[in-house]
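One-letter residues, chain by chain:
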Amino acid sequence: MFYMIVGEDRPGSLADRLAARPAHVERLQALQAEGRLLLAGPCPAIDSPDPGPAGFTGSLIVAEFASLEAARAWADTDPYVAAGVYAEVTVKPFRKVLPA
C-alpha cells in the first residue's frame, strides 16, 4: 500500500536541510530503484520552483511500504529528522486513484 509522508520544516532550517539533502535523496533513490516511490519533493516557501533563501516549508513523499508501521519507521530514520529539519512528520495511508 502507498503511504504519504509529510514533513513540516522547522523555521530557519534551510542550512540544515541543504546539509542533509544528499543523504535524504539517496534514501529516496533507493525507494525508486525498488519501484516503491510514487513521488517526492519539497514545498517551496514562496511561489517559485527555486525559492533561494526563502527556503522550503516541508516535503511530501508518497511511497509503497508493507504497513503503516513500516512507513513510520522509514520516516523516523530520515536524515532530515536526524538533522532537525522537520518540526513534525505525518504519515498516513494513501490510495492512488489518478492517473490510472
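As a starting point, this report considers the structure included with it. All of these numbers come straight from a predicted model, not from anything done at the bench. (Residues numbered from 1 in each chain as written. Predicted model: local features only at pLDDT ≥ 70, side-chain atom pairs only at ≥ 80, totals over all residues. Heavy atoms only, no water.)

Comments concerning the overall build of the chain
Point 1. Along the backbone of the chain there are 3 helices and 4 strands.
Point 2. If you list the helices and strands of the chain from N to C, you get β-α-β-β-α-α-β.
Point 3. Its C-alpha radius of gyration of 13 Å places the chain within 12% of the 13 Å reference for a compact globule of 100 residues.
Point 4. The buried share of the chain, taken over its 100 residues, is 30%.
Point 5. Put simply, 74% of the contacts in the chain that link residues at least 6 apart link residues at least 24 apart.
Point 6. One finds the centroid of the 9 positive side-chain charges in the chain at a distance of 5 Å from the centroid of its 12 negative side-chain charges. (Helix = DSSP H or I, 4+ residues; strand = E, 2+ residues; numbered from the N terminus. Rg over C-alpha atoms; globule rule 2.2 N^0.38 Å. Buried < 20%, exposed > 50% of the residue type's maximum accessible area, 1.4 Å probe, protein only. Contact = heavy atoms within 4.5 Å. Lys, Arg positive; Asp, Glu negative; His and termini not counted. Charge placed at Lys NZ, Arg CZ, Asp CG, Glu CD.)

What to know about the side chain of Asp9
Point 1. Within the secondary structure layout, Asp9 lies in strand β1 (residues 2–9).
Point 2. A distance of 2.8 Å separates a polar atom in the side chain of Asp9 from a polar atom in the side chain of Arg17.
Point 3. Here Asp9 is in contact with Arg17, Phe56, Thr57, Gly58, Val85, Tyr86 and Ala87, once residues within four sequence places are set aside. (Polar contact = N/O pair within 3.5 Å; in protein donor to acceptor, adjacent residues only side chain to side chain.)

Remarks on the sheet that holds strand β4 (residues 86–94)
Point 1. One open sheet holds the 4 strands; their spatial order is β2-β3-β1-β4, and the pairing between them is antiparallel. Every other strand in the sheet has two partners, leaving β2 (37–44) and β4 as the edge strands with one partner each. Here the average twist between neighbouring strands, direction ignored, is 10 degrees.
Point 2. Judged from the 7 bridges that link them, β2 and strand β3 (residues 56–64) form a sheet pairing that is antiparallel. Directly across from Pro42, in β3, lies its bridge partner Ser59. (Pairing = 2+ DSSP bridges. Axes fitted to C-alpha atoms, helices over the stretch in contact; angles between N-to-C directions.)

A look at the pattern of salt bridges
Point 1. Taken as a whole, this structure holds 4 salt bridges when the rule is applied.
Point 2. Across the pair Asp16 and Arg10 runs a salt bridge whose closest N-O atoms are separated by 2.6 Å.
Point 3. Arg36 is paired through a salt bridge with Glu34; the nearest N and O atoms lie 2.6 Å apart. (Salt bridge = Lys/Arg side-chain N within 4 Å of Asp/Glu carboxyl O.)

Some thoughts on the packing of aromatic side chains
Point 1. For the structure shown, the criterion picks out 3 aromatic pairs.
Point 2. With a centroid separation of 5.5 Å and 85 degrees between ring planes, the pair formed by Tyr80 and Tyr86 is classed as edge-to-face.
Point 3. What links up through ring pairs into an aromatic cluster is the set Tyr3, Phe65 and Trp74.
Point 4. The positively charged end of Arg27 is found above the aromatic ring belonging to Trp74, 4.0 Å away from the centroid. (Phe/Tyr/Trp six-rings, centres within 6.5 Å; stacked < 30°, edge-to-face > 60°. Lys NZ or Arg CZ within 6 Å of the ring centre and 35° of its normal.)

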